[in-house]
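Below are the chains, spelled out letter by letter.
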Amino acid sequence: MTKMTLGSYPHMLGFEQLERLLERTAKTGNEGYPPFNIEQTSDYSYRITLAVAGFREEDLSITVEDRQLVIRGRQADDGLDRVFLHRGIAARQFQRSFVLADGVEVGEAIMENGLLHIDLSRARPETVVQTIQINKG
């Protein structure tokens, strides 16, 4: 059985990057922590919300690496002198990644009531009409 690629379709030129993007997204393998929402706030903007209860702003980092939004969280374990009878709230680290399309820009990040909100915006597409002159051979 042969693998169908976007290059197999003769009318789809220049989509090799999209194919690589889909493969990279499939390999991301995010686990379920922390839970998140993605909402569309307007025609050209989005908001990602992560539930990061117990994390402080300085425990979190947000970066864009190669068109990929990466959110990392690392809590310092301050329980060295504490004795827990039950520890149901783990101090664990996480990394959550989101692949961004071309033209999507990361705006501000807001921490509110244990939720981290990250605003994204997409540039409005411009309609471009180009006339190609035909030259004599």
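Residues numbered from 1 in each chain as written. Predicted model: local features only at pLDDT ≥ 70, side-chain atom pairs only at ≥ 80, totals over all residues. Heavy atoms only, no water.

### Some details on the pairing of strand β3 (residues 60-64)
A regular strand carries its side chains on alternate faces of the sheet. Quick note on the threshold: Should DSSP find at least two bridges between two strands, the strands are taken to pair. For the purposes of this entry, the term helix denotes a DSSP run of H or I that reaches at least four residues, the term strand denotes a run of E that reaches at least two, and both are numbered from the N terminus.
Pairing of β3 with strand β4 (residues 68-73), which is carried by five bridges, proceeds in the antiparallel orientation. What sits directly across from T63, in β4, is V70. Hairpin connection from β3 to β4: three residues lie between these consecutive antiparallel strands, with D66 at a positive phi of about 55°.

### Description of unusual backbone geometry
Cis peptide bonds are those with omega within 30 degrees of zero, and the linkage from Y33 to P34 qualifies with -10°. Within the element layout of this structure, P34 appears in the loop between α1 (16-28) and β1 (36-42). For D66, which is not glycine, the phi dihedral falls at a positive 55°. Looking at the element boundaries, D66 is found in the loop between β3 and β4. The phi torsion at N113 lies on the positive side, around 55°, for a residue other than glycine. Secondary-structure assignment places N113 in the loop between β6 (104-112) and β7 (115-122).

### Some thoughts on the sheet that holds strand β2 (residues 45-51)
Put simply, the rule is: Only C-alpha atoms enter the line fits that serve as axes; for helices the fit covers just the stretch in contact. Angles between N-to-C directions range over 0 to 180 degrees.
Spatially, four strands are ordered β1-β2-β7-β6 in an open sheet, and the strand pairing comes out antiparallel. The sheet is open, and its two edges are formed by β1 and β6, each paired on a single side. Taking each pair of neighbouring strands and ignoring which way they run, the sheet shows an average axis angle of 20°. Here β6 runs beside β7; their pairing, made up of seven bridges, is antiparallel. Across the sheet, the residue bridging to E112 is L115, located in β7.

### Re the packing of aromatic side chains
Here is the rule we go by: Note on aromatic pairs: the rings of Phe, Tyr and Trp (six-membered ring only in Trp) are paired at centre separations within 6.5 Å, and the planes decide the class, stacked below 30 degrees, edge-to-face beyond 60, tilted for the rest. Partly exposed describes any residue whose relative accessible area lies between the buried limit of under 20% and the exposed limit of over 50%, with all areas from a 1.4 Å probe on protein chains only and scaled to the type maximum.
Using the criterion set out here, one finds three aromatic pairs in the structure. Aromatic side chains Y33 and F94 sit 6.0 Å apart centroid to centroid with 85° between the ring planes, which places their arrangement in the edge-to-face category. A residue pair is termed long-range when its members are at least 10 positions apart, and Y33 in the loop between α1 and β1 and F94 in strand β5 (residues 94-99) qualify at 61 residues. Looking at F94, the relative accessible area reads 6%, which means it is buried. Note on F36 and F98: the rings are 5.2 Å apart at their centroids and 85° apart in plane angle, and the pair reads as edge-to-face. Taken together, the residues span a long stretch of sequence, with F36 in strand β1 and F98 in strand β5 at a distance of 62 residues. A residue is classified by how much of its surface remains accessible, and F36, at 34% relative accessible area, is partly exposed.

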